[in-house]
Amino acid sequence: QVQLVESGGGSVQSGGSLRLSCAASGIFIGIYVMGWYRQAPGKQRELVAAIASGGSIDYADAVKGRFTISRDNAKNTVYLQMNSLKPEDAAVYYCNSKRSRIGLADLDYWGQGTQVTVSS
């Protein structure tokens, strides 16, 4: 059974920092694209950052220079360091793992989400 368990969310003031963690079980994250998504009330879920198995990284424009995604394969855990937080960063943050397979359905797993609140 695959589980992605997020932690580290909470409430901070604008300009503050949080570090989210996503601990995976049932899969080895080293062969997956690991991503962080967020969803604010009334908005669609959006990609925040992703790190591929080869190490390439993508960030949403809104978080570039402020957020850092990283991966510790030995701990099977993905992190999102969030600095200089803004009120517009407030959302539920979800961990995701994806793996494409030739001739088979993609593997796509989600965590339960962790709330991030940023007060101005």
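Just so it is clear, the structure is predicted and the values come from calculations on it, not from any experiment. (Residues numbered from 1 in each chain as written. Predicted model: local features only at pLDDT ≥ 70, side-chain atom pairs only at ≥ 80, totals over all residues. Heavy atoms only, no water.)

Engineer: What's the story with the overall build of the protein in this structure? I'm lost.
Structural biologist: Scanning the protein from terminus to terminus reveals 0 helices and 11 strands. In sequence order, the secondary structure elements of the protein are arranged as β-β-β-β-β-β-β-β-β-β-β. Taken over the C-alpha trace, the protein has a radius of gyration of 14 Å; the compact-globule value for 120 residues is 14 Å, and the two agree within 12%. Referenced to the eigenvectors of the C-alpha coordinate spread, the extents of the protein come out at roughly 50 × 30 × 25 Å. (Helix = DSSP H or I, 4+ residues; strand = E, 2+ residues; numbered from the N terminus. Rg over C-alpha atoms; globule rule 2.2 N^0.38 Å.)

Engineer: Help me out: how do you make sense of the state of the cysteines in this one?
Structural biologist: Note on terminology: disulfide describes a covalent bond linking the sulfur atoms of two cysteines. The tally for this structure, following the rule as stated, stands at 1 disulfide. Note on cysteine connectivity: Cys22 is disulfide-linked to Cys95, with sulfurs 2.1 Å apart. Looking down the S-S bond of the Cys22 and Cys95 bridge, the torsion is -80°, so its handedness is left-handed. A residue pair is termed long-range when its members are at least 10 positions apart, and Cys22 in strand β3 (residues 18-25) and Cys95 in strand β9 (residues 91-101) qualify at 73 residues. We classify Cys95 as buried; its relative accessible area is 0%. (Disulfide = S-S within 2.5 Å. Buried < 20%, exposed > 50% of the residue type's maximum accessible area, 1.4 Å probe, protein only.)

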